[in-house]
Amino acid sequence: MMKAISVVAVLTLSAALFTSSAQADVPFVNLEGVGGVAFNPVAYPAVTAPKKGEEELRLGPVDIGKPRFGAWYTNLNDSDIDWLSIGIADTFFKRLELSYGYESVNLGSKLNAFNTNLSSLSQNVHKSNIGAKLLLLDENSFGTSFVPAVSIGAIYKITDFSVDKLGTSPKVDKNGFDAYLVATKMITQLPRPVLVSAGLLASRAQVNGILGFNENYSETFFGNIDVLPLDNLAVGFEYKQGPHFDTFKNDDYWNIHVGWFATSNLTLIAAYADAGDRHSTTHAGFGGGPVLSAQYSF
């Protein structure tokens, strides 16, 4: 934990040494490597617009955006969980985002949640996420000022969690797909810009897939709202409804966050995340704790 905090502290100090009128922007690279905020994707593809005088990178007929990187540290101290994540996302043809995220989750010894078996699940879990997102509708299409950007996406997830610890009936898989539809709009008609995003998710994931994948799919809602009180500062709230299955019920997640666009390339984020009620007897909840992130866009 202290090592991760020290790294972010160094990044913060380094960022303070830079001055730039140009600022980074959304999307960030989220916990699963997808262009979004922390938990959720947004409709915007993870592409950095070329600066004045620069040309877009091309590989033959393929337009290639500049990649974005994100690193996250989450400490759910209520359940003694340390959660590290790194990801990269890039966009092709200005519409197709491809991403990869890697997570290392140290499940501690205080998992006394809805199922007494969770107390024996202590394990260092590694999870990979391979994502694709397609922008279907550009923001402000048809000459309007109110049409949101709309995207569809999918994430293929693989965990090395010992799923046999959850029993053999029903069968729990070590891999699975998420699919989502999301709409995002930057409202500029207010005194300060407000970003609003909402979507629907179809998932078999148990605790985002860290504890494997259920036999059935569940459809849920997610959403974000961020206000930019200053040009280089965003303050927001994020919500993700937990998928419910017959034998496993994820709790809802939410967070409040502050993002500082330190330079034209670097963004630093601090948040408090809540992953549900750790003492619930019906849902898989893991309590809350601090979140730190560093984001870099070329």
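Up top is the structure these notes are about.
Before going into details, it helps to say that this report is about the structure given with it. What you see is a predicted model; the values in this text were computed from it and never measured.

What counts, and where the lines are drawn
- Residues numbered from 1 in each chain as written.
- Predicted model: local features only at pLDDT ≥ 70, side-chain atom pairs only at ≥ 80, totals over all residues.
- Heavy atoms only, no water.
- Salt bridge = Lys/Arg side-chain N within 4 Å of Asp/Glu carboxyl O.
- Helix = DSSP H or I, 4+ residues; strand = E, 2+ residues; numbered from the N terminus.
- Buried < 20%, exposed > 50% of the residue type's maximum accessible area, 1.4 Å probe, protein only.
- Core = buried A, V, L, I, M, F, W, Y, C linked by side-chain atoms within 4.5 Å.
- Contact = heavy atoms within 4.5 Å.
- Phe/Tyr/Trp six-rings, centres within 6.5 Å; stacked < 30°, edge-to-face > 60°.

Quick notes on the pattern of salt bridges
Summed over all chains, the structure comprises ten salt bridges. In this structure, glutamate 32 engages lysine 157 in a salt bridge whose closest nitrogen and oxygen atoms are separated by 2.8 Å. You can see glutamate 32 sitting in the loop between strand S1 (28-29) and strand S2 (35-36) and its partner lysine 157 sitting in strand S9 (residues 149-159), a full 125 residues away along the chain. Owing to a relative accessible area of 7%, glutamate 32 belongs among the buried residues under this scheme. The shortest N-O distance in the salt bridge between glutamate 103 and lysine 127 comes to 2.7 Å. Placement of glutamate 103 in strand S7 (residues 96-107) and of lysine 127 in strand S8 (residues 123-137) is noted, with a sequence separation of 24 residues between them. Across the pair, exposure class does not vary: glutamate 103 and lysine 127 are buried alike. Taken together, the shared-partner salt bridges connect Glu32, Glu103, Lys127, Lys157 and Asp178 into one network.

Some points on the nonpolar core
Across soluble globular proteins, you tend to see nonpolar side chains buried next to one another. Core analysis: the largest hydrophobic core is formed by 30 residues, its most contacted members being Leu107, Val207, Ile210, Leu211 and Phe286. Of all the elements in the fold, those that place two or more residues in this core are strand S5 (68-76), strand S6 (81-92), S7, strand S14 (253-261) and strand S15 (266-274). Judged by nonpolar contacts, the second largest core, of 13 residues, contains Tyr44, Leu135, Leu195 and Phe222.

A look at the environment of valine 227
Relative to the helices and strands, valine 227 is located in strand S12 (residues 213-230). The class of valine 227 is partly exposed, set by a relative accessible area of 34%. Here the alpha-carbon distance between valine 227 and isoleucine 187, two residues 40 residues apart in the chain, equals 9.6 Å. Once residues within four sequence positions are removed from consideration, valine 227 is found in contact with Pro193, Val194, Leu233, Ala234 and Val235.

Let's talk about the packing of aromatic side chains
As enumerated under the stated definition, the model contains eight aromatic pairs in all. On the numbers, 6.5 Å between centres and 35 degrees between planes, the contact of phenylalanine 221 with tyrosine 239 is tilted. Linking phenylalanine 221 in strand S12 with tyrosine 239 in strand S13 (residues 233-240), this pair joins segments that are 18 residues apart in sequence. On the basis of relative accessibility, which here comes to 37%, the residue phenylalanine 221 falls in the partly exposed class. Accessibility expressed as a relative area gives 25% for tyrosine 239, which makes it partly exposed. A centroid spacing of 5.2 Å and a plane angle of 80 degrees characterise the contact between tyrosine 296 and phenylalanine 298, whose relative ring orientation is edge-to-face. For tyrosine 296, a relative accessible area of 37% corresponds to the partly exposed category.

Some words on unusual backbone geometry
Phi angles above zero are rare outside glycine, and phenylalanine 93 is one such case at about 60 degrees. Of note, phenylalanine 93 is situated in the loop between S6 and S7. One non-glycine residue, asparagine 140, lies in the positive phi region at around 60 degrees. With respect to the secondary-structure elements, asparagine 140 resides in the loop between S8 and S9. Taking relative accessible area as the criterion, asparagine 140 reaches 32% and is therefore assigned partly exposed.

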